[in-house]
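The chain contents come next:
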Amino acid sequence: KAIFEGKQRKFEVQIQGRFRKKPTGTVFIGGEITEGPMALGLVTKSLCNMLLAFCRRMNGLMHYSFGDGGNVELPHIVFPLYTSVDKFVKTPAGQTPPPMGKLFDEPDKERSKRRSSTTPMEWDTTSTYSFSFNSMYVDLPAWKLVGLPMMKDMDLHTFWSESGLRLVVYESTATKAAKHKKADNAY
């Protein structure tokens, strides 16, 4: 497909829709495994912490958890949606949003401004939001981490055992000083 031609990405997810309720907090997007807590050995946990520290340098608002023993919080890694997705298009009501399944444009200048923004996104319930994200380091069909600098490819079962992975999008109204916690508003 054209989405992958000339690109190193291993997968791309595109999502399009409108909010039924206006988010007032930060909208996060990420992955959550279906079972927890993660059972990691000392070496594997150290490797995870090193990889996650690298991710946090790229986005300081990233949040992750290896899960807790009470299954209140499943293992996850999430990022603020607005500043983290690869492409983002807000289409006002009455206009045609970009088609899914094809690459859609976001001018480089707008993407750069959005990704470095410290101003919270003003969401609404009438616009259609289209966004995509991809990775060249996660090969979902092969269930491996691939192409990481100075590392050999790794089977994701090493970290997640037999757990499934699901995409999560949710709003958090927690302040920076408060413990990061999912709000009741999952989208």
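Residues numbered from 1 in each chain as written. Predicted model: local features only at pLDDT ≥ 70, side-chain atom pairs only at ≥ 80, totals over all residues. Heavy atoms only, no water.

Enquirer: I'd love a proper account of the layout of surface pockets, names of residues and values included.
Expert: Counted as a void, the largest pocket has a volume near 1700 Å³. The element best represented in the lining of the largest pocket is helix α1 (residues 42-58), accounting for eight residues. Here the lining of the largest pocket is composed, by residue class, of 33 nonpolar, nine polar and five charged. (1 Å grid on protein atoms, 1.4 Å probe; cavity = no way out; pocket = protein on both sides within 12 Å on 5 of 7 lines; lining within 4 Å. Points joined across faces, edges and corners; volume = space filled by probe spheres on them. Helix = DSSP H or I, 4+ residues; strand = E, 2+ residues; numbered from the N terminus. Nonpolar A, V, L, I, M, F, W, Y, C, P; charged D, E, K, R; others polar.)

Enquirer: So what's going on with the sheet that holds strand β2 (residues 26-33)? Residues and values would help.
Expert: Reading across the sheet, the four strands line up as β3-β4-β2-β10 and stay open at both edges, with antiparallel pairing between neighbours. Every other strand in the sheet has two partners, leaving β3 (63-65) and β10 (165-172) as the edge strands with one partner each. Each adjacent strand pair in this sheet contributes to an overall mean axis angle of 20°, direction not counted. In this structure, β2 lies alongside strand β4 (residues 76-80), joined through five bridges in antiparallel fashion. Within the sheet, the bridge partner assigned to glutamate 32 lies in β4 and is histidine 76. (Pairing = 2+ DSSP bridges. Axes fitted to C-alpha atoms, helices over the stretch in contact; angles between N-to-C directions.)

Enquirer: Describe the pattern of salt bridges, naming the residues involved and giving the relevant values.
Expert: Taken as a whole, this structure holds seven salt bridges when the rule is applied. Ionic pairing is found between glutamate 12 and arginine 9, a salt bridge with its closest N-O pair at 2.8 Å. As far as the burial class goes, glutamate 12 and arginine 9 line up, both buried. (Salt bridge = Lys/Arg side-chain N within 4 Å of Asp/Glu carboxyl O. Buried < 20%, exposed > 50% of the residue type's maximum accessible area, 1.4 Å probe, protein only.)

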